[in-house]
Structures are given as structure tokens and as C-alpha cells.
Amino acid sequence: DGGITQSPKYLFRKEGQNVTLSCEQNLNHDAMYWYRQDPGQGLRLIYYSQIVNDFQKGDIAEGYSVSREKKESFPLTVTSAQKNPTAFYLCASSTKRANEQFFGPGTRLTVL
Amino acid sequence: RKEVEQDPGPFNVPEGATVAFNCTYSNSASQSFFWYRQDCRKEPKLLMSVYSSGNEDGRFTAQLNRASQYISLLIRDSKLSDSATYLCVVKSFNKFYFGSGTKLNVKP
């Protein structure tokens, strides 16, 4: 089945630790996105990538980093510089021509 | 000012009711418009795209008014299974902007 996978579903980390969230897609989509969602709020864009080996900052990139070494994969690292990392993280992908985005199931990160 | 604004609700309606959600966006150059549905603690899923001429999908009707920068979603004959949060989404160039969502509770 084609789709987007994110792992793990739930993640707990101690304050001050870096953590990497996985996002993989087998839809052959060119573009991939990372969003953060806080309770009662909409999705906010962290980073996006239109093509392999290239990515751009979104609206809230501080404290995060990404890489796009393969078309299928777009991992997100939440660094210790991110002041309030506890949130629901969603990865999405889309083709260059199609308009809609398809989302993975998300990772709930809790920093203790 | 937020790129996309929605009434957060909640809208509490009985089964069978008709309910309408509205959304405004700030960037007049926005190119594409969507409604997504998000169930509690799940990822958003595309409900429907919104076209200038208006479009319908079963019980759901979406409208776009570019002059007023306004998008609407009408749900007829509400079902219990329609209970969710509805996100208004606007695409400008390569970026998607999400409203904070309108929560719908359909009661028996």
C-alpha cells in the first residue's frame, strides 16, 4: 500500500536531548513538509522540501533541522534549542503538480 | 494577522441539521483552497478542494469568493460520523496555510 509512515507514534525525551522523527513516503512525491500542531491550534510549517538535497525554512524553523538525502525520506531533528518541543508533529507530501497534501499519522513528542 | 482565520466553534447540532462553516484568508494571491477533516488525535485528511464555481460532493458543498477572500463549507443532513474538526487550508505558491479549525459535534 502506498502512503506516508511516521515513527514512532509516541516519543518521550528528557529536556536537553536532541531527537529525530522519521518520515518516509512511497508515493513518489517530490515535495515533503513538516508541521507542528499544538492543542486547539492549526498546523504551523516547520520546514519543507521541493526536491532532493534542497529544503526551505517554514514559519517556525528555529530549533529544528532537516535533511533530504533521498526522495522517500525527510527526517526532522528537534534540537535542544527548541524551547517548547512538546507537540504533535505531522509530515506531509505532495506532487509538484497536484495541489493536495497527504499526511502521515503523526508523532506525539513529549519532552519531560 | 493570521493567514487563515476560522471560527473555532464548537458547533453543536442535532443529527439531520444543516451547518455552515466560514473561513477568511489574507493573501489575495492565494491559488488553491481546501477543506480538510481532522478527527481527534489523528492526521488531517482531505475532504474536498474548493473551486471558484463552487462544488458539491454528496452532502458537502464548498464555495469560494475571491473578491471577499472567503471560503465556506456547508454540510447537509449531518450524521454522527461528521463530528470532527474541519480545517480551512489555503495554498500560496509552495506553502499551505492552515486555519485553527472549527469543531463540529453532531448529537443524536
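Refer to the structure printed above.
Residues numbered from 1 in each chain as written. Chains lettered and ligands numbered in written order. Predicted model: local features only at pLDDT ≥ 70, side-chain atom pairs only at ≥ 80, totals over all residues. Heavy atoms only, no water.

(A) Broad picture of the interface of chain A and chain B. Listed as interface residues are 22 residues of chain A and, on the opposing side, 18 residues of chain B. Buried area between chain A and chain B, both sides added, is near 1700 Å², and the carbon and sulfur share of it is 52%. Between the two partners, chain A and chain B, sit one salt bridge. Across the pair B:Lys95 and A:Asp59 runs a salt bridge, and its minimum N-O distance is 3.5 Å. Where chain A meets chain B, there are three residue pairs in polar contact (both at pLDDT 80 or more). Mapped onto the side of chain A that touches chain B, the elements with two or more residues apiece are β4 (31-37), β5 (43-51) and β9 (87-94) of chain A. Residue contributions to the side of chain A that touches chain B peak at four residues, all from β5(A). (Contact = heavy atoms within 4.5 Å. Buried area = accessible area lost by both parts, 1.4 Å probe. Salt bridge = Lys/Arg side-chain N within 4 Å of Asp/Glu carboxyl O. Polar contact = N/O pair within 3.5 Å; in protein donor to acceptor, adjacent residues only side chain to side chain. Helix = DSSP H or I, 4+ residues; strand = E, 2+ residues; numbered from the N terminus.)

(B) The arrangement of the sheet that holds strand β6 (residues 55-57) of chain B in detail. All names here are of chain B. Here five strands make up an open sheet; going across it, the order is β1-β3-β8-β7-β6 and the pairing antiparallel. One side of each edge strand has no neighbouring strand; the edge strands of this open sheet are β1 (4-6) and β6. Taken over all neighbouring pairs, the strand axes of this sheet differ in orientation by 20° on average, direction set aside. The sheet contact formed by strand β7 (residues 60-65) and strand β8 (residues 70-75) spans six bridges and is antiparallel. When the sheet's bridge partners are listed, leucine 64 is paired in β8 with isoleucine 71. (Pairing = 2+ DSSP bridges. Axes fitted to C-alpha atoms, helices over the stretch in contact; angles between N-to-C directions.)

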